[in-house]
Amino acid sequence: MNIGAPRQPSPEPRIGVTPEIAQRYVEDGHTVHVEHGAGEPAGLPDEAFREAECEMVGSAWEADVVVTVRPPGDAELSRLTPGTQLLGLLRPLDEPNAMRVLAETGATSIAFETLPRTTRAQSMDALSSQATLAGYEMVLEAASRLPRIFPMMVTAAGTIRPATVVVLGCGVAGLQAIATARRLGAVVRGYDVRASAAEQVRSLGASFIELDVAPQDSSASGGYARPLSEDDGSRLLEALAPHLAAADVVITAAAIPGRPAPTLISAEAVSGMRPGSVIVDGAAERGGNCVLTVADEVVRAGGVAVVGPTGLEARAAVDASMTFARNAYELFSYLHDAETAGADDEIRTGVTITRGGEVVHPGVLARIGAPQ
């Protein structure tokens, strides 16, 4: 088969195939077409792809299998043909109506966002690999803006106390944020409404914030938290406020694909924080976990900086591309395994969004109100 790696629209620096992974495709008997300059934003020059036996082309959207980090735009959609397989981060739950347009091309679209969160699928889980990098970047963002250091230091002028970091939302990104803040020497506390999070937080050397809110069993909801009732949500905001007031840094990472981010920090809670404190809202792209968050802006509120960065995972473009490309290769290999090809298993049905000119994923169909 012909594997295509197109250049992503600016400012996206990631690429769906790296030279290392391209070599694997070639060894498996496939050809790889890479658009000229597609890897340069991630520090991967065309020469590196040529050395991996790739063919450099003007457009890679006509390949049998196109691996993309971002959903295609109108110009790219026009290049897709029936029989093409499009594999990538396609935002099917966030933009379900766009999947109808994608279906009209006749292409079979495969989305990482709907990959089942099972043990078998871990090596294919691009959401988790990218969230890990986002969690790391959240801490660097906070450290660069906090007017003090994270670790404790004993100096001739006295002892500098360590910074206190609170992490809200302890999924993949939140746990990486905890681990990174701990490595930098901060005192870290974490909270998540899911019952399984407490043990994971403590295993990283952080303390878990105990609140009078019933913990959830997330096993029945794909590993994600469920929306809280209005009463539980109000009690959560009130209960978190004193913990936020004692923090130098608050990092939020509570997000569910296809849903607005849950509100975890009220304006009143921000007003109770110390001047100089920093909030880094990792859910800014989905509306934010803090009511004051504005995507890609820094809001100043009573001396507290509320930072709403987006595209955090793409900042480390080299590692982000490497991990994404490996996830894509593993998913591609699974879907094209000669022994299981054609089987209607959990992974195949989970990731397939469009096929044969129609939207076929039940979750996407439900969001666009189409009959199932």
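In this text, all values refer to a predicted model and were calculated from it rather than measured experimentally.

## So, the overall build of the chain
Right, so step 1: A tally of regular secondary structure across the chain gives 12 helices and 17 strands.
Right, so step 2: Relative to the globule expectation of 21 Å for 372 residues, the C-alpha radius of gyration of the chain, 22 Å, shows essentially globular dimensions.
Right, so step 3: Residue burial in the chain is summarised as follows: out of 372 residues, 52% are buried.
Right, so step 4: Once local pairs closer than 6 in sequence are excluded, the contacts in the chain between residues at least 24 apart make up 62%.
Right, so step 5: Carbon and sulfur atoms provide 52% of the accessible area of the chain, an area that totals close to 16,100 Å².
Right, so step 6: Here the chain contributes 29 positively and 46 negatively charged side chains, and the mean placements of these two sets differ by 7 Å.

## Quick notes on the pattern of salt bridges
Any two side chains of opposite charge can pair if their charged atoms end up close together.
Right, so step 1: Applying the stated criterion across every chain yields a total of 19 salt bridges.
Right, so step 2: Close ionic contact of glutamate 47 with arginine 50 constitutes a salt bridge, the shortest N to O distance being 3.7 Å. Here the residue glutamate 47 and the residue arginine 50 both occupy positions in helix α2 (residues 46–51), the gap between them amounting to 3 residues, near one helical turn.
Right, so step 3: The exposure class of arginine 50 is partly exposed, given its relative accessible area of 41%.
Right, so step 4: Between aspartate 232 and arginine 235 there is a salt bridge whose closest N-O contact spans 2.3 Å. A residue pair is termed a helical-turn pair when its members lie 3 or 4 positions apart in one helix, as aspartate 232 and arginine 235 do in helix α8 (residues 230–245) at 3 residues.
Right, so step 5: The partly exposed category is assigned to arginine 235, whose relative accessible area is 30%.
Right, so step 6: The network of salt bridges with common partners includes Glu12, Arg14, Arg70 and Glu313.

## A short note on the environment of aspartate 345
Right, so step 1: Within the element layout of this structure, aspartate 345 appears in the loop between α10 (317–335) and α11 (346–351).
Right, so step 2: Polar contacts involving the side chain of aspartate 345 include one to the main-chain amide nitrogen of arginine 348, which spans 2.8 Å.

## So, the sheet that holds strand β11 (residues 207–208)
Right, so step 1: What the 7 strands build is an open sheet, ordered β11-β10-β9-β12-β13-β15-β14; its pairing is mixed. The sheet is open, and its two edges are formed by β11 and β14 (298–301), each paired on a single side.
Right, so step 2: As paired elements, strand β9 (residues 164–168) and strand β12 (residues 249–252) share 4 bridges and run parallel to each other. Paired with valine 166 across the bridge in β12 is valine 250.

## Some details on the nonpolar core
If you look at soluble globular proteins, the nonpolar side chains tend to sit buried side by side.
Right, so step 1: Core analysis: the biggest nonpolar cluster contains 52 residues, and Phe150, Val165, Leu168, Tyr191, Val250, Ile251 and Ile265 have the highest contact counts within it.
Right, so step 2: The element that contributes the greatest number of residues to this core is helix α6 (residues 172–183), accounting for 5 residues.
Right, so step 3: Beyond its immediate chain neighbours, meaning those up to four positions away, valine 250 contacts Val166, Leu168, Leu244, Ile265, Met273, Val278, Ile279 and Val280.
Right, so step 4: Ile110, Phe112, Ala328 and Tyr329 belong to the second-largest nonpolar core, a separate cluster that totals 39 residues.

## Let's talk about the pairing of strand β13 (residues 278–281)
Two faces belong to every sheet, and in a regular strand the side chains alternate between them.
Right, so step 1: What you see with β13 is no split at all: Val278 and Val280 on one side and Ile279 and Asp281 on the other are buried throughout.
Right, so step 2: Of the strand pairs in this sheet, β12 and β13 are connected by 4 bridges, and their pairing is parallel. Note that in β13 the partner of valine 249 across the bridge is valine 278.
Right, so step 3: In terms of strand pairing, β13 meets strand β15 (residues 304–307) through 3 bridges, oriented parallel. Counted as the bridge partner of isoleucine 279 is valine 306 from β15.

What counts and what doesn't
- Residues numbered from 1 in each chain as written.
- Predicted model: local features only at pLDDT ≥ 70, side-chain atom pairs only at ≥ 80, totals over all residues.
- Heavy atoms only, no water.
- Helix = DSSP H or I, 4+ residues; strand = E, 2+ residues; numbered from the N terminus.
- Rg over C-alpha atoms; globule rule 2.2 N^0.38 Å.
- Buried < 20%, exposed > 50% of the residue type's maximum accessible area, 1.4 Å probe, protein only.
- Contact = heavy atoms within 4.5 Å.
- Areas by Shrake-Rupley, 256 points an atom, 1.4 Å probe, with all protein chains shown as cover.
- Lys, Arg positive; Asp, Glu negative; His and termini not counted.
- Charge placed at Lys NZ, Arg CZ, Asp CG, Glu CD.
- Salt bridge = Lys/Arg side-chain N within 4 Å of Asp/Glu carboxyl O.
- Polar contact = N/O pair within 3.5 Å; in protein donor to acceptor, adjacent residues only side chain to side chain.
- Pairing = 2+ DSSP bridges.
- Core = buried A, V, L, I, M, F, W, Y, C linked by side-chain atoms within 4.5 Å.

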